[in-house]
Amino acid sequence: MRYLLKNFIFFVHFFVIVFLLSCQKKKLTTVFNELPPSETNIFFNNGLNQTDEFNIVEYLYFYNGGGVAAGDINNDGLVDLYFTANQQSNKLYLNKGGLVFEDIWEKAGVTRMVNLTLSLLVTGCLSEYSCKMPVEF
């Protein structure tokens, strides 16, 4: 019995010490910093408007469809961004360098449509194929 009591006291002390040592504050280093839209010129929001007829209960894939693609569309060596939205307009942002982008979706003809997008790498150039269909719910 005395042996069990010694082991119990040892384990209690051990766990108390481990617990106290694990409570030290560690300095966290961040790899990424959030940049506001006012600096990057990226103003995109995949807002979803639920109605009684069109919601997650009535349409299982309500939240599916929005996404982002990253690639160099004009071969300038900078990664450009293409955002697709479920119910909003798609956006195409041209990278001007220094994490500053220009919204060129009107010039490119990106409209509010259902998207099936496929990126192809042909002869070293990024090609974007988008199949778009008008949405009527």
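Just above sits the structure.
Trainee: Could you give an account of the overall build of the protein, with specific residues and numbers?
Mentor: From N to C terminus, the protein includes three helices and six strands. Residue burial in the protein is summarised as follows: out of 137 residues, 20% are buried. Of the contacts made within the protein by residues no fewer than 6 positions apart, 33% connect residues no fewer than 24 positions apart. Surface summary for the protein: the accessible area is close to 11000 Å², and the carbon and sulfur share equals 62%.

Trainee: Go over the side chain of Asn-86 with me, naming the residues and quoting the values.
Mentor: The topology assignment puts Asn-86 in the loop between strand 2 (80–84) and strand 3 (91–97). A distance of 3.1 Å separates a polar atom in the side chain of Asn-86 from the backbone oxygen of Phe-62. Among the polar contacts made by the side chain of Asn-86, one reaches the main-chain carbonyl oxygen of Asn-64 at a distance of 3.0 Å. If we ignore the near neighbours within four places in the chain, the residues touching Asn-86 are Asn-46, Leu-48, Phe-62, Tyr-63, Asn-64, Gly-65 and Gly-66.

Trainee: Residues and numbers for the pairing of strand 4 (residues 100–103), please.
Mentor: Inspection of the sheet shows strand 3 paired to strand 4 by four bridges, in the antiparallel sense. Looking at the pairing, Asn-95 lines up with Phe-101 of strand 4. Between the end of strand 3 and the start of strand 4, which pair antiparallel, lie two residues, with Gly-98 showing a positive phi angle near 65 degrees.

Trainee: Go over the sheet that holds strand 1 (residues 67–71), please, and point to the residues and values.
Mentor: If you trace the four strands from one edge of the open sheet to the other, you get 1-2-3-4, paired in antiparallel fashion. Two strands in the sheet have a free side with no partner beyond their single neighbour: strand 1 and strand 4. The average undirected angle you get between the axes of adjacent strands in this sheet is 25 degrees. Direction of pairing for strand 2 relative to strand 3: antiparallel, over a ladder of three bridges. Bridge pairing links Tyr-82 to Leu-92 in strand 3.

Trainee: Help me get a handle on the environment of Gly-97, residues and values and all.
Mentor: For Gly-97, the position within the fold is in strand 3. Once the C-alpha coordinates of Gly-97 and Asp-80 are considered, the two residues, 17 residues apart in sequence, prove to be 9.8 Å apart.

Trainee: Can you tell me about the packing of aromatic side chains, naming the residues and giving the values?
Mentor: Inspection of every chain in the model, using the stated rule, returns six aromatic pairs. On the basis of an interplanar angle of 75 degrees and a centroid distance of 5.1 Å, the ring pair of Phe-54 and Phe-62 is categorised as edge-to-face. Accessibility assignment for this pair places Phe-54 and Phe-62 in one class, buried.

Definitions and limits used
Residues numbered from 1 in each chain as written. Predicted model: local features only at pLDDT ≥ 70, side-chain atom pairs only at ≥ 80, totals over all residues. Heavy atoms only, no water. Helix = DSSP H or I, 4+ residues; strand = E, 2+ residues; numbered from the N terminus. Buried < 20%, exposed > 50% of the residue type's maximum accessible area, 1.4 Å probe, protein only. Contact = heavy atoms within 4.5 Å. Areas by Shrake-Rupley, 256 points an atom, 1.4 Å probe, with all protein chains shown as cover. Polar contact = N/O pair within 3.5 Å; in protein donor to acceptor, adjacent residues only side chain to side chain. Pairing = 2+ DSSP bridges. Axes fitted to C-alpha atoms, helices over the stretch in contact; angles between N-to-C directions. Phe/Tyr/Trp six-rings, centres within 6.5 Å; stacked < 30°, edge-to-face > 60°.

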